[in-house]
Amino acid sequence: MNFKTLTTQLAVGSALSLAALAAQADSYRFDLSGTYTASWVLEASPVPDEYFGGVGFVMDGVSGSFPGATGLVDIGFFQSSMGGGLSIYDIEGDNYLVISDGPQLYSGPETAPVFILGSFTMTPYAGSGEHYTLTISEVAAVPEPASLALLLAGLGVVAGVARRRREAEQA
C-alpha cells in the first residue's frame, strides 16, 4: 500500500470520527438552589416546544429532580421585558412549583434560544420573600456508543494498514 492511499484513508477516518463527535449537541445542567431546589439538563440551544415572541418559550415534559412534582414538568423561560426568570410547572399535579423573576437566561429569539452560562439570582414572582440561585453550567460531553464504535473502527483500519505496510516492507 502506498503513502498516498494510507494518507487518504487516515484523512477519511479522522473526518468521519470528528464529524460524529461534533454532531452531538452541547448540554447544560441547571441547578436551582434556595427555598426550592431542583436540577435538570437541557440542550444549550434547544428547540422550544412552545414560544411566544417577546415573552419567552416553554420546554415541555422535562425530567430531572423536582421535589414535589408528580412526574415531568414544563419549564418556561421569560424575556427580560417580562421580568426574566423562569417557571416550573408540575404537569400531572397541575400546579406551579416555582415562578420567579430574574435575568433573562437566554440570548437570541424565542424560536432559537441559546442559554447563557453562569449563576443567577432569582426572586419569586409574587414577592413572597423566597430567593433562589440558578446555576447553568456545561455538562461534560460523553460520546454516544455509535461515535465510539466509529472511532474504534477507524483506529482498527489504521492499525491494519500499518501492519500490512510492515509485512510488505519485511517481504
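Everything numeric here is computed off the predicted structure, so don't read it as measured data.

Colleague: Tell me about the overall build of the protein chain, and name the residues and values.
Modeller: Along the backbone of the protein chain there are 2 helices and 12 strands. Ordered by position from the N terminus, the helices and strands of the protein chain form the series α-β-β-β-β-β-β-β-β-β-β-β-β-α. In the protein chain, buried positions account for 29% of the 171 residues. Counted over contacts in the protein chain with a minimum sequence separation of 6, partners at least 24 positions apart contribute 43%. For the protein chain, the computed accessible surface area is about 9800 Å², with 59% contributed by carbon and sulfur atoms.

Colleague: Which residues make up the packing of aromatic side chains, and what values go with them?
Modeller: Applying the stated criterion across every chain yields a total of 9 aromatic pairs. Pairing Phe 30 with Phe 115 gives two aromatic rings, centres 4.9 Å apart and planes at 80°, and the pair type is edge-to-face. A residue pair is termed long-range when its members are at least 10 positions apart, and Phe 30 in strand E1 (residues 27-34) and Phe 115 in strand E10 (residues 114-115) qualify at 85 residues. Both residues of the pair, Phe 30 and Phe 115, count as buried. An aromatic cluster is built from Phe 30, Trp 40, Phe 57, Phe 66, Phe 77, Tyr 106 and Phe 115, whose rings are joined through pairwise contacts.

Colleague: Any details on unusual backbone geometry? Residues and values, ideally.
Modeller: Even without a glycine there, the phi angle at Asp 94 is positive, about 55°. Judged by relative accessible area, Asp 94 falls into the exposed class, the value being 55%.

Colleague: Any details on the sheet that holds strand E11 (residues 118-124)? Residues and values, ideally.
Modeller: Judged by pairing direction, the sheet is antiparallel, and its 10 strands sit side by side in the order E3-E4-E6-E7-E8-E11-E12-E1-E2-E5 without closing on themselves. The open sheet has two edge strands, strand E3 (50-52) and strand E5 (64-65), and neither has a second partner.

Procedures and definitions
- Residues numbered from 1 in each chain as written.
- Predicted model: local features only at pLDDT ≥ 70, side-chain atom pairs only at ≥ 80, totals over all residues.
- Heavy atoms only, no water.
- Helix = DSSP H or I, 4+ residues; strand = E, 2+ residues; numbered from the N terminus.
- Buried < 20%, exposed > 50% of the residue type's maximum accessible area, 1.4 Å probe, protein only.
- Contact = heavy atoms within 4.5 Å.
- Areas by Shrake-Rupley, 256 points an atom, 1.4 Å probe, with all protein chains shown as cover.
- Phe/Tyr/Trp six-rings, centres within 6.5 Å; stacked < 30°, edge-to-face > 60°.
- Pairing = 2+ DSSP bridges.

It is worth stressing that arrangement in space is one thing and function is another; only the former is reported here.
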